[in-house]
Amino acid sequence: RNRMAPVVRMRNLVKSFGSVRALQGVALDLYGGEVLALLGDNGAGKSTLIKILSGLHAPDSGEMEIEGRRVDWKRYTVAVARASGVETVYQERSLGEKQPLWRNVFVGRHVLKGFFRRIDVEREKAATMELLSGFLGLRGAGLNAESQVRTLSGGERQGLAIARAMYFDASIIVLDEPTTALGAGEVRKVLSFVDRIRSEGRCCVFISHELHHVHEIADRFAVMEHGRIAAVRDRSETSFDELARLVLLGGVVPPTERKGEDV
């Protein structure tokens, strides 16, 4: 991985909600071609940090650069984040279960044609079928672009949401608890989709409480505690037991280990 050129650079991000200090000077770099696991208890600040990256919240102070360009917080919206290459796949609400697959893929970003700018349904259906077969590997006789999302398994739904992000050329894909409540076979599918993100040189932020999945798929682990980055570790230097200890103790490590902290 090229540690010389972060795709996203965050520095001293601070965010409060009333009297609650959700982020307290967060600094973190994200790199292309890697999976970064963002870990910590509920309330540690993970969701707030991701919502800032995704354009849902603006920080009270701090700086962020994407591909070397400094973000203007007054203009940074979800649409601007997407245009900058940031896509977030939430555990819930990412797909409309009763809507056909092609509408889910292109919702809010339809392909238009003609003078009256009507939706090019055929092109969207063809692109959806390519995602289903090429990315998800689904080739069932009864599956088509008009199928409803609820006909897909949990792992396939996560795959479709990931494929959608990659279709729209996202360079930073955030996955919120993508393996929760999935069976072992479905987990394998999702992790293979995450590996595809990395192999294409994109950045994946993987939020999860499932430490076995995290330790298997992530290249680095960032542990949050009380609105701060408490520790950042490479997988190559961190056993599963060490990772579990870091998360359990909120990133607490001896001072000698903190000297080289990469945040």
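None of the values given here were measured: they were computed from a predicted structure.

A.B. asks: Would you explain the sheet that holds strand S4 (residues 61-66) in this entry?
C.D. replies: Working definition: the strands of a sheet are paired by backbone hydrogen bonds and lie parallel or antiparallel to each other. Pairing within the open sheet is antiparallel, and its four strands lie in the order S2-S1-S4-S5. At either margin of the open sheet sits one strand with a lone partner, and together these are strand S2 (20-30) and strand S5 (69-70). Sheet analysis places S4 next to S5, joined by two bridges and oriented antiparallel. Within S5, the position partnered with isoleucine 66 by the bridge is arginine 69. Contacts from helix H1 (residues 46-53) reach strand S1 (8-17), S2 and S4, with the element oriented near 120 degrees to S1.

A.B. asks: When you look at the confidence of the model for the protein chain in this model, what are you seeing that I'm missing?
C.D. replies: Should the pLDDT be low somewhere, the predicted coordinates at that spot are not to be read in detail. Chain-level statistics for the protein chain give a pLDDT mean of 88 and a share of 91% at 70 or above. When the elements of the protein chain are averaged for pLDDT, helix H9 (residues 255-258) gives the smallest value, 42, and S4 the largest, 98. Throughout residues 254-263 the model reports pLDDT below 50, and contacts reaching past four residues in sequence, or to other chains, amount to 17 contacts.

A.B. asks: I tried to follow the state of the cysteines on my own but got confused; where do I start?
C.D. replies: Two cysteines joined by a covalent bond between their sulfur atoms form a disulfide. Applying the stated rule across the entire model yields zero disulfides. Cysteine cysteine 203 is unpaired, with the sulfur of cysteine 204 as its nearest cysteine sulfur at 7.1 Å.

A.B. asks: Quick question: what am I supposed to make of the pairing of strand S12 (residues 228-234) here?
C.D. replies: Taken residue by residue, a regular strand's side chains alternate between the two faces of the sheet. For S12, a buried count of five out of seven residues is recorded, marking the element as mostly surrounded by other parts of the structure. As paired elements, strand S11 (residues 220-225) and S12 share six bridges and run antiparallel to each other. Residue pairing in the sheet places glutamate 225 in a bridge with arginine 228 of S12. Counting the residues in the hairpin turn of S11 and S12 gives two residues, including histidine 226, whose phi is positive at 55 degrees.

A.B. asks: Any chance you could explain the nonpolar core here in plain terms?
C.D. replies: Note that soluble globular proteins tend to have their nonpolar side chains buried in a common cluster. If you look at the biggest cluster of nonpolar residues, it comprises 45 residues, and the most contacted ones within it are Leu39, Leu160, Leu175, Val194, Phe206 and Val214. Among the nonpolar cores identified, the runner-up in size contains 31 residues, and Val7, Leu38, Met224 and Val232 belong to it.

A.B. asks: I would appreciate a short explanation of the packing of aromatic side chains in the present structure.
C.D. replies: The relative placement of two aromatic rings is captured by the distance of their centres and the angle of their planes. Tallied over the entire structure, the rule returns five aromatic pairs. Each ring, one from phenylalanine 135 and one from phenylalanine 193, has its centre 5.3 Å from the other, and the planes form 25 degrees; the classification is stacked. On the criterion of sequence distance, the pair formed by phenylalanine 135 in helix H4 (residues 121-135) and phenylalanine 193 in helix H6 (residues 184-199) is long-range, its members being 58 residues apart. Take phenylalanine 135 and phenylalanine 193: they sit in the same class, and that class is buried. Three or more aromatic residues joined by ring pairs form one cluster here, namely Phe106, Tyr167 and Phe168. Across from the ring centre of phenylalanine 168, 4.0 Å away, lies the NZ or CZ of arginine 109, which sits over that ring. One Lys or Arg, arginine 196, reaches over the ring of phenylalanine 135 and ends 4.4 Å from the middle of that ring.

A.B. asks: Got a minute to help me understand the sheet that holds strand S3 (residues 34-39) in this structure?
C.D. replies: Taken in spatial order, the six strands of this open sheet run S6-S9-S10-S3-S11-S12, and their pairing is mixed. Only two strands of the sheet have a single neighbouring strand rather than two, namely strand S6 (86-89) and S12. Mean inter-strand twist for the sheet, computed between neighbouring axes without regard to direction, equals 20 degrees. In the packing of H6 onto the sheet, the strands contacted are S3, strand S9 (172-176) and strand S10 (203-207), and the crossing angle to S10 comes to about 145 degrees. Contacts from helix H8 (residues 240-248) reach S3, S11 and S12, with the element oriented near 20 degrees to S11.

A.B. asks: Hey, could you run me through unusual backbone geometry in this one?
C.D. replies: Leaving glycine out, the prevailing phi sign among residues is negative, and the prevailing peptide bond configuration is trans. Positive phi, close to 55 degrees, is recorded for glutamate 67, a residue that is not glycine. Take glutamate 67: it is sitting in the loop between S4 and S5.

A.B. asks: Got a minute to help me understand the pairing of S4 in this structure?
C.D. replies: With five bridges joining them, S1 and S4 adopt antiparallel strand pairing. By the bridge assignment for S4, arginine 11 is matched with glutamate 63. Connecting the antiparallel pair S4 and S5 is a turn made up of two residues, with glutamate 67 showing a positive phi of about 55 degrees.

A.B. asks: Sorry, what's going on with H4 here?
C.D. replies: Residue pairs spaced three or four apart in an α-helix point in one direction, given the helix's 3.6 residues per turn. An ideal rise of 1.5 Å per residue puts 21 Å on 15 residues; H4 measures up with 20 Å between its terminal C-alpha atoms. Within the sequence span of H4, burial applies to Glu124, Ala127, Thr128, Leu131, Leu132 and Phe135. End-on, the buried residues of H4 take up no more than an arc of 140 degrees, which puts them together on one face. For H4, the exposed residues set more than 90 degrees away from the buried face come down to Glu122, Arg123 and Glu130. Of the surrounding secondary structure, the elements contacted by the buried residues of H4 are helix H3 (101-106), strand S8 (118-119), helix H5 (154-167) and H6.

Cut-offs applied
- Residues numbered from 1 in each chain as written.
- Predicted model: local features only at pLDDT ≥ 70, side-chain atom pairs only at ≥ 80, totals over all residues.
- Heavy atoms only, no water.
- Pairing = 2+ DSSP bridges.
- Helix = DSSP H or I, 4+ residues; strand = E, 2+ residues; numbered from the N terminus.
- Contact = heavy atoms within 4.5 Å.
- Axes fitted to C-alpha atoms, helices over the stretch in contact; angles between N-to-C directions.
- pLDDT = per-residue confidence, 0-100.
- Disulfide = S-S within 2.5 Å.
- Buried < 20%, exposed > 50% of the residue type's maximum accessible area, 1.4 Å probe, protein only.
- Core = buried A, V, L, I, M, F, W, Y, C linked by side-chain atoms within 4.5 Å.
- Phe/Tyr/Trp six-rings, centres within 6.5 Å; stacked < 30°, edge-to-face > 60°.
- Lys NZ or Arg CZ within 6 Å of the ring centre and 35° of its normal.
- Expected span 1.5 Å × (residues − 1).
- Arc of directions from axis to C-beta.

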